[in-house]
Amino acid sequence: MSMIAAFYGGKSILITGATGFLGKVLMEKLFRTSPDLKVIYILVRPKAGQTLQQRVFQILNSKLFEKVKELCPNVHEKIRAIYADLNQNDFGISKEDMQELLSCTNIIFHCAATVRFDDTLRHAVQLNVTATQQLLLMASQMPKLEAFIHISTAFSNCNLKHIDEVIYPCPVEPKKIIDSLEWLDDAIIDEITPKLIGDRPNTYTYTKALGEMVVQQESGNMNIAIIRPSIVGATWQEPFPGWVDNINGPSGLIIAAGKGFLRAIKATPMAVADVIPVDTVVNLTLAVGWYTAVHRPKSTLVYHCTSGNLNPCNWGKMGFQVLATFEKIPLERAFRRPYANFTTNNFTTQYRNAVSHRAPAIIYDFYLRLTGRKPRMTKLMNRLLRTVSMLEYFINRSWEWSTYNTEMLMSELSPEDQRVFNFDVRQLNWLEYIENYVLGVKKYLLKEDMAGIPEAKQHLKRLRNIHYLFNTALFLIAWRLLIARSQMARNVWFFIVSFCYKFLSYFRASSTLKV
Ligand SMILES: CCCCCCCCCCCCCCCCCCCCCC(=O)SCCNC(=O)CCNC(=O)[C@H](O)C(C)(C)COP(=O)(O)OP(=O)(O)OC[C@H]1O[C@@H](n2cnc3c(N)ncnc32)[C@H](O)[C@@H]1OP(=O)(O)O
Ligand SMILES: NC(=O)C1=CN([C@@H]2O[C@H](COP(=O)(O)OP(=O)(O)OC[C@H]3O[C@@H](n4cnc5c(N)ncnc54)[C@H](OP(=O)(O)O)[C@@H]3O)[C@@H](O)[C@H]2O)C=CC1
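Residues numbered from 1 in each chain as written. Chains lettered and ligands numbered in written order. Predicted model: local features only at pLDDT ≥ 70, side-chain atom pairs only at ≥ 80, totals over all residues. Heavy atoms only, no water.

### With respect to the packing of aromatic side chains
Right, on to step 1. Scanning the model with the defined rule gives 22 aromatic pairs in all.
Right, on to step 2. Where F155 meets W399, the ring centres are 5.2 Å apart and the plane angle is 90°; that geometry is what we call edge-to-face. Placement of the pair is F155 in the loop between β5 (147-151) and β6 (162-163) and W399 in the loop between α15 (377-395) and β13 (400-401), with a sequence separation of 244 residues. W399 carries the same exposure label as F155, and that label is buried.
Right, on to step 3. One aromatic cluster is present, formed by F117, F155, Y204, Y393, F394, W399 and W401 through successive ring pairs.
Right, on to step 4. Over the ring of F7 we find K11; its NZ or CZ atom is 4.3 Å from the centre of that ring.
Right, on to step 5. The side chain of K63 reaches across the aromatic face of F240, ending 5.0 Å from its centre. (Phe/Tyr/Trp six-rings, centres within 6.5 Å; stacked < 30°, edge-to-face > 60°. Helix = DSSP H or I, 4+ residues; strand = E, 2+ residues; numbered from the N terminus. Buried < 20%, exposed > 50% of the residue type's maximum accessible area, 1.4 Å probe, protein only. Lys NZ or Arg CZ within 6 Å of the ring centre and 35° of its normal.)

### A look at the UniProt feature "domain: Fatty acyl-CoA reductase C-terminal" (unreviewed entry) in the protein chain
Right, on to step 1. Residues given the UniProt feature "domain: Fatty acyl-CoA reductase C-terminal" (unreviewed entry) here are residues 357-448.
Right, on to step 2. Here residues 357-448 runs as 70% helix and 2% strand, with 25 Å between its end C-alpha atoms. (UniProt positions renumbered as here; feature names shortened; annotations may be inferred.)

### Regarding the domain arrangement of the protein chain
Right, on to step 1. Annotation of the protein chain at the domain level lists domain 1 (3-242 + 273-311 + 399-447) and domain 2 (456-514).
Right, on to step 2. Each of domain 1 and domain 2 has a C-alpha centre, and the two are 61 Å apart. (Domains from an automatic or database assignment.)

### Considering unusual backbone geometry
Right, on to step 1. Across the junction of E238 and P239, the peptide omega takes the value -10°, indicating a cis bond.
Right, on to step 2. Turning to its location among the elements, P239 is positioned in the loop between β8 (231-233) and α11 (250-258).
Right, on to step 3. Of note, the phi angle at F91 is positive, near 65°, even though the residue is not glycine.
Right, on to step 4. Mapped onto the fold, F91 is located in the loop between β3 (79-83) and α6 (95-104).
Right, on to step 5. If you check the backbone angles, K447 has positive phi at about 55° while not being a glycine.
Right, on to step 6. Assignment of secondary structure puts K447 in the loop between α18 (430-445) and α19 (453-485).

### A few points about the UniProt feature "domain: Thioester reductase (TE)" (unreviewed entry) in the protein chain
Right, on to step 1. When the UniProt feature table is mapped onto this chain, "domain: Thioester reductase (TE)" (unreviewed entry) is found at residues 15-284.
Right, on to step 2. The span residues 15-284 carries 43% helix and 14% strand; its end-to-end C-alpha distance comes to 16 Å.

### Points about the site of ligand 1
Right, on to step 1. Residues in contact with ligand 1 amount to 32 residues; listed here are only the nearest, R116, F117, T153, G249 and R383.
Right, on to step 2. Within the side chain of T153, one N or O atom sits 2.8 Å away from an oxygen atom of ligand 1.
Right, on to step 3. Residue assignment for the shell around ligand 1 shows that the elements contributing at least two residues are α11, β9 (264-266), α13 (315-328) and α15.
Right, on to step 4. For the shell around ligand 1, the leading source of residues is α15, giving 6 residues. (Near = heavy atom within 4 Å. Polar contact = N/O pair within 3.5 Å; in protein donor to acceptor, adjacent residues only side chain to side chain.)

### Quick look at the side chain of K208
Right, on to step 1. Position of K208 among the secondary structure elements: in helix α10 (residues 203-217).
Right, on to step 2. Lacking a salt bridge, the buried K208 has E212 as its closest oppositely charged neighbour, with an N-O distance of 7.7 Å.
Right, on to step 3. Not counting the four nearest positions on each side in its chain, K208 is found in contact with A113, N128, I151, S152, T153 and S156. (Lys, Arg positive; Asp, Glu negative; His and termini not counted. Salt bridge = Lys/Arg side-chain N within 4 Å of Asp/Glu carboxyl O. Contact = heavy atoms within 4.5 Å.)

### Observations concerning the pairing of strand β11 (residues 301-305)
Right, on to step 1. Across the 5 residues of β11, 5 count as buried, placing the element largely inside the fold.
Right, on to step 2. Both faces of β11 are covered, namely the face carrying L301, Y303 and C305 and the face carrying V302 and H304.

### Overview of the site of ligand 2
Right, on to step 1. Taken together, 28 residues sit near ligand 2, with T19, R45, R55, Y204 and K208 positioned nearest.
Right, on to step 2. Look at ligand 2: alone it shows 890 Å² of surface, and the protein chains cover 90% of it.
Right, on to step 3. Going through the elements one at a time, α2 (21-33), α10 and β8 are the ones with two or more residues in the shell around ligand 2.
Right, on to step 4. Partitioned by chemical class, the residues of the shell around ligand 2 number 15 nonpolar, 8 polar and 5 charged. (Areas by Shrake-Rupley, 256 points an atom, 1.4 Å probe, with all protein chains shown as cover. Nonpolar A, V, L, I, M, F, W, Y, C, P; charged D, E, K, R; others polar.)

### Here's the deal with the environment of M1
Right, on to step 1. Checked against the element boundaries, M1 lands in the segment before α1 (3-8).
Right, on to step 2. Owing to a relative accessible area of 76%, M1 belongs among the exposed residues under this scheme.
Right, on to step 3. The sequence separation of M1 and A334 amounts to 333 residues, and the corresponding C-alpha distance is 49 Å.
Right, on to step 4. Every residue in contact with M1, bar those within four places of it in the chain, is listed here: A6 and E416.

### Details of a nonpolar patch on the surface
Right, on to step 1. A surface patch of nonpolar side chains, about 1,100 Å² in accessible area, is lined by M488, V492, W493, F494, F495, I496, V497, F499, F503 and L504.
Right, on to step 2. As for its placement among the helices and strands, L504 is situated in helix α20 (residues 487-514). (Patch = residues over 30% accessible without salt bridge, like charges linked within 9 Å, V, L, I, M, F, W, Y side chains within 5 Å.)

### Quick notes on the packing of helix α7 (residues 121-140) against α10
Right, on to step 1. Where α7 contacts α10, the axes come no closer than 9 Å and their chain directions differ by 20°. With respect to α10, the axis of α7 lies roughly parallel. The interaxial crossing formed by α7 with α10 has right-handed handedness. Here α7 contributes L121, A124, V125, N128, V129, T132, Q133 and L136 to the contact with α10, which in turn contributes T203, Y204, Y206, T207, K208, L210, G211, V214 and V215.
Right, on to step 2. Of the residues in the contact of α7 with α10, the class split is 10 nonpolar, 6 polar and 1 charged. (Axes fitted to C-alpha atoms, helices over the stretch in contact; angles between N-to-C directions. Parallel < 35°, antiparallel > 145°, perpendicular 65-115°, else oblique. Left-handed = near helix turned anticlockwise from the far one by under 90°.)

Rendered as structure tokens:
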């Protein structure tokens with residue numbers, strides 16, 4: 001019997017960010033392994049015209065929850081969606097709901113965050129720092145609370161090369177930042193943002209670091225732990241391989257590569273691709289929840305959930321395997337044939353962006369205009385290149401994360417728990433994982449039918465022929481222009497033509513003799 005699964009039985013669990021990528025997988029695993037849990041409270045806001053109930057309904061009706069619905073048919077009765085917007089004071093939670101949360105919650109998993117790299121400092125602080133502070137305040141008023149698990153990121157201290165499982169202080173206290181954002185206007189905030197974030201690449205990593213400081217400062221007597229996943233990717237094993245439903249991290253670039261939009265990237269092929277499957281993160285999170293509640297460590301422990309030090313894969317290998325999979329299983333209606341050129345040189349990057357990305361987009365838009373349609377490719381390409389430029393920081397560096405606490409926890413688990421809540425990334429076969437990831441992107445994110453593969457292959461063949469035809473035409477036009485302008489080019493041309501003529505005459509004469 002799994003001790004961890006038994007621990008969550010009968011518990012009331014509060015999850016923030018349950019509608020996100022990680023939150024959904026966390027909920028799924030909890031229901032699957034502990035169907036006798038009492039209730040999962042999820043803090044949800046209405047979004048995209050959907051009510052809370054519609055959002056929950058959509059999640060439960062997704063492929064991710066198919067197994068759960070078999071094992072736990074009354075799952076919908078065990079989810080209690082509570083209206084909450086983490087941007088508001090007290091999260092905008094009603095008095096009755098707040099009362100219920102305060103008196104019943106046993107475990108909190110705090111996953112909600114803004115993960116956008118381009119968010120304003122004000123918004124990123126509001127969500128990743130102030131909301132964390134408010135949630136801790138709420139947690140401190142919960143008499144039945146056994147553990148508070150905060151999800152941070154392995155990149156919260158990406159300004160360091162070697163990162164230990166400790167909370168590093170930021171130069172400016174989070175409270176001072178929160179206070180000053182209250183009275184500073186947006187223009188001044190934008191001006192001071194680069195100075196505040198220092199050598200971190202964006203407001204996301206900076207505010208996640210501030211969030212950790214807040215957790216440490218406000219922990220009081222609570223049992224708290226912090227989990228730092230690296231780049232969270234599709235599921236490895238559970239509930240089935242390759243599940244992914246958002247375009248963050250590598251997923252968006254995998255699509256861009258498969259559709260042939262992205263054919264070159266500024267990336268260091270030998271840099272470690274510290275991707276970690278989402279189910280591995282969830283297994284560690286649940287094990288940490290159990291350990292923190294039962295063993296009550298004296299201080300706030302930080303757990304790194306990374307792959308690089310135990311089972312490294314690099315971006316070169318990942319890119320190669322992504323393309324190899326697209327050879328076998330292409331995406332539908334690709335713009336160009338998938339191709340990957342990794343470069344570390346700025347000039348080559350600019351050149352490739354101009355020739356391999358912007359020029360084809362301009363030509364395609366010209367074609368759309370000619371055929372009476374609205375041009376859209378240049379806009380899309382500019383957006384993609386902007387996204388790529390924001391990810392460049394992470395694909396041209398390697399970090400070392402120590403994993404003492406994570407390994408200690410693994411040794412504390414029973415063999416059954418090590419199996420059911422496996423977070424040993426040494427067992428991961430990267431080639432298989434990446435292939436399933438690419439397949440998952442096609443099936444679950446793009447919702448493409450596998451029956452369309454022969455047509456997709458045919459389409460790629462057509463694109464190859466168009467490519468050859470286009471290159472030949474381009475060469476002939478360039479050559480024709482050169483001949484018209486340069487005596488030297490004309491001489492070379494006459495030499496080649498007369499050489500070919502002589503060769504053909506000789507060939508014809510010798511074949512006539514043989515007959
Ligand atoms: C040469 C070829 C190569 C081939 C090989 C290729 C494979 C191998 C190489 C792989 C290398 C991987 C490197 C990963 C490094 C990750 C490092 C992470 C480290 C930290 C990890 C963390 O600790 S933290 C989590 C990560 N955090 C993010 O990764 C957010 C980033 N990102 C943004 O910060 C914003 O994205 C940014 C960018 C501002 C743009 O912002 P933006 O406004 O321009 O674009 P949006 O994001 O809004 O979305 C644009 C359009 O996508 C639509 N869309 C949105 N979601 C959708 C959904 N679920 N399904 C469908 N469509 C969706 C949306 O509806 C828009 O569509 P429309 O245009 O029609 O409206
Ligand atoms: N994905 C990754 O690569 C990594 C993620 N992490 C961390 O893991 C955690 C989960 O990330 P992930 O699942 O990928 O992120 P997602 O963007 O998929 O999910 C974010 C969640 O936060 C919720 N949220 C955001 N703003 C608010 C708000 N104002 N009020 C209520 N809820 C809100 C979202 O709700 P809604 O659906 O309404 O928008 C969503 O449920 C984050 O803390 C992130 O920092 C760490 C390392 C890597």
